[in-house]
Every structure is written in C-alpha cells, then in structure tokens.
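# Observations on the three-dimensional arrangement
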Amino acid sequence: MISYTIYNNETTQEWVTFVHGAGGSSSIWFKQIREFQKHFNVLLLDLRGHGNSNENSKHTFKRKYTFQSIANDVVEVLDYLQIQAAHFVGISLGTIVIRQLAEMHPQRVQSMIMGGAILKMNFRSQILMRLGNVFKYVLPYLVLYRFFAFVIMPNKNHKASRLLFINEAKKLYQKEFIRWFKLTAEINPILKWFRQQELNIPTFYVMGEEDYMFLPSVRKVVEHHYKSSKLFVIEKCGHVVNVEQSTVFNHQVITFIKSNNVN
C-alpha cells in the first residue's frame, strides 16, 4: 500500500484527499493542511515511488505503471481507511489520477479540484515529452527534471515552486523516474477522452494566469463542460497554484467544497 497521512477533524464526516503530481510528494501541500483541517478530515497521499512510498516501489510495484493502476493505489487506501467518498484536490499530473479515479469509481468522488490541471499537451509539451523519451536512459533524471521544471515554471515568481519540485524529485530513483515517464505514452489518448466526456461530478479548475502550457486547453474544456465545471484563474501565478498563491487557493477551494454537499 502507498504511504498516507491523515489529519482528523472530529466535527465532520467530510474528507478531502490531496494528490500530488509527478516528482512531488504529499509535502507540497504544507500550505494547505492547517486551513483545510479546520473544516475537513484530511488525507495526504504519496503516490508510488514518491515521498514515503519510494521504498515500497522497489519491491511492490514491479508491473508497468498505468493511470488505472495508480488510481487503484488511491482506492486501496480509501478502502483500508473505510472512506466511502471524498473531495479530491490535485495538482498537475495528480489531476489526471483524480480524473481516472472518477472514471472508474464515480461514487467515491464528491468533487474534483484540479490545480494546474493537465488536459492537453500543447506543441511545446509534446516536444518536451519527445526529448525526454530520447534522453531518459542517457541523462541523469534530475537534469531532465530541472529542464522540465524551468520550461513549465520559467518566471521569477515561479522560482519557489520550481525549487520545491526539484528538491522533491531528488528523492526519486532513476528507474522510478523512467517508470513514470513511460506514462506519457498513454497520456494523449486518455486526455482526449477526458476532454470529450463530461462527468456528472462538480469540478473546479484553479489555474494560474501564467500557466501558459495548460491554461488555454482548460478554458476550452470548461466552456464545453459547463454543466459540471467552473474555472478560477489566479493572477500573477504559474503552474503550482497551491504553493505560489496558497491563500487565494485555499479560500477558493474551501468555498467550493463547502458549496457541494458538505455537512
């Protein structure tokens, strides 16, 4: 089982589950824990190969990684903790994991909050993936990761987020990075499906206005999925919205969750 941490709130039965992105860990939510615990029970996850789950990956996760298998890791924790349903908050690639889980088990997902959501790989990100595939067995993974982080978060005000993700990525293993990078082979068809299919689950996209790689596609999807989806764009903010503009992020997300059947 992947590693998890819980913060209980005895005044409510509502759960919020946080799902980090590739190369991160549950520690990226350090600016959310205190505020969210005031209102909800909080579940933090370390996806396979990340954070405190990295030791497990040496022995447990031998088969090919897929978004389905990673989503099933999350469900395994929910089942173990007897959490029937939760609100899910994700960042970056974590939003894909949440959407995959919602496809498989919609009854377990009360709402989806998608920070720095990835819904389409634009031309620049496609080039990044191709470069990564060429060099993933040649260059140390941290060289590639630093390059990716700089391209996705290039501005001066993105520096703290960029350094946080690079420092978290140092905890990965080269083989683990390659396993996750191979997921890019299935990312285009799965994202196309997500863009086409609207789920009947309240969905809140929180994007930085400087997230130039991913914001345009999110705008289009929200226009198409207008029955279930809302978009909030944070000014002067890049990809990692929960770190860069945590106060705004926390307020907007907590308000959204409370408006969706929180007792």
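In case you missed it, the structure is sitting above this.
Anyway, here's the lowdown on the structure attached to this text. (Residues numbered from 1 in each chain as written. Predicted model: local features only at pLDDT ≥ 70, side-chain atom pairs only at ≥ 80, totals over all residues. Heavy atoms only, no water.)

## Things to note about the packing of aromatic side chains
The line we're drawing: In this analysis, rings of Phe, Tyr and Trp, with Trp reduced to its six-membered ring, are considered paired at centre separations within 6.5 Å, and the interplanar angle assigns stacked below 30 degrees, edge-to-face beyond 60, and tilted for intermediate values. Whether a residue is buried, partly exposed or exposed follows from its accessible area with a 1.4 Å probe, protein chains only, as a fraction of its type maximum: under 20%, in between, or over 50%, in that order. Think of it as a cone above the ring: NZ of Lys or CZ of Arg counts as a charge over the ring if it is within 6 Å of the ring centre and within 35 degrees of the ring normal.
Under the defined criterion, the tally for this structure stands at five aromatic pairs. Ring centres 6.2 Å apart and planes at 40° place the aromatic pair phenylalanine 36 and phenylalanine 40 in the tilted group. Looking at phenylalanine 36, the relative accessible area reads 0%, which means it is buried. Pairwise contacts between aromatic rings join Phe18, Trp29, Phe36 and Phe40 into one cluster. Taking NZ or CZ as reference, arginine 48 lies 4.6 Å from the ring centre of tyrosine 65, over its face.

## Digging into the packing of helix α4 (residues 93–104) against helix α9 (residues 187–196)
Packed helices, taken two at a time, are described by their axes: the angle between them and the distance between them. Stated precisely, the cut-off is as follows: Axis definition: a line fitted to C-alpha atoms, over the contacting stretch in the case of helices. Angles run 0 to 180 degrees between N-to-C directions. Every helix listed is a DSSP run of H or I at least four residues long, and every strand listed is a run of E at least two residues long, numbered separately from the N terminus. Each angle gets one of four labels, with under 35 degrees taken as roughly parallel, over 145 as roughly antiparallel, 65 to 115 as roughly perpendicular, and the rest as oblique. Two helices cross in a left-handed way if the nearer one is turned anticlockwise from the farther one by less than a right angle. They cross in a right-handed way if the turn is clockwise. The contact definition used throughout considers only heavy atoms, calling two residues in contact when any of these lie within 4.5 Å. Side-chain classes follow a simple rule in which Ala, Val, Leu, Ile, Met, Phe, Trp, Tyr, Cys and Pro form the nonpolar group, Asp, Glu, Lys and Arg form the charged group, and the remainder, Gly included, forms the polar group.
The N-to-C vectors of α4 and α9 enclose an angle of 60°; their axes lie 11 Å apart at closest approach. Comparing their axes, α9 and α4 come out oblique. When the axes of α4 and α9 are compared, the crossing they make is left-handed. The residues of α9 that touch α4, namely those facing Ile96, Arg99, Gln100 and Glu103, are Ile187, Ile190, Leu191, Trp193 and Phe194. Here the residues of the contact of α4 with α9 sort into six nonpolar, one polar and two charged.

## What to know about helix α12 (residues 246–258)
Stated formally: Take the number of residues in a helix, subtract one, and multiply by 1.5 Å to get its expected span. Directions pointing from the helix axis toward each C-beta atom define the arc.
Over its 13 residues, α12 runs 18 Å from end to end, which matches the ideal 18 Å to within 8%, given 1.5 Å per residue. Of all the residues in α12, the buried ones are Ser246, Phe249, Asn250, Val253, Ile254, Phe256 and Ile257. An end-on view of α12 places all buried positions within 160° of arc, on one side of the element. Seen from the buried face of α12, the exposed residues on the opposite side, beyond 90 degrees, are Thr247 and His251.

## Looking at unusual backbone geometry
The backbone of glutamine 82 sits at a positive phi, close to 60°, despite the residue not being glycine. Tracing the chain through its elements places glutamine 82 in the loop between α3 (67–81) and β4 (86–91). Located in the positive-phi region is lysine 236, a residue other than glycine, with phi close to 50°. Position of lysine 236 among the secondary structure elements: in the loop between β7 (229–234) and α11 (241–244). Looking at lysine 236, the relative accessible area reads 62%, which means it is exposed.

The analysis is restricted to geometry; functional conclusions fall outside its scope.
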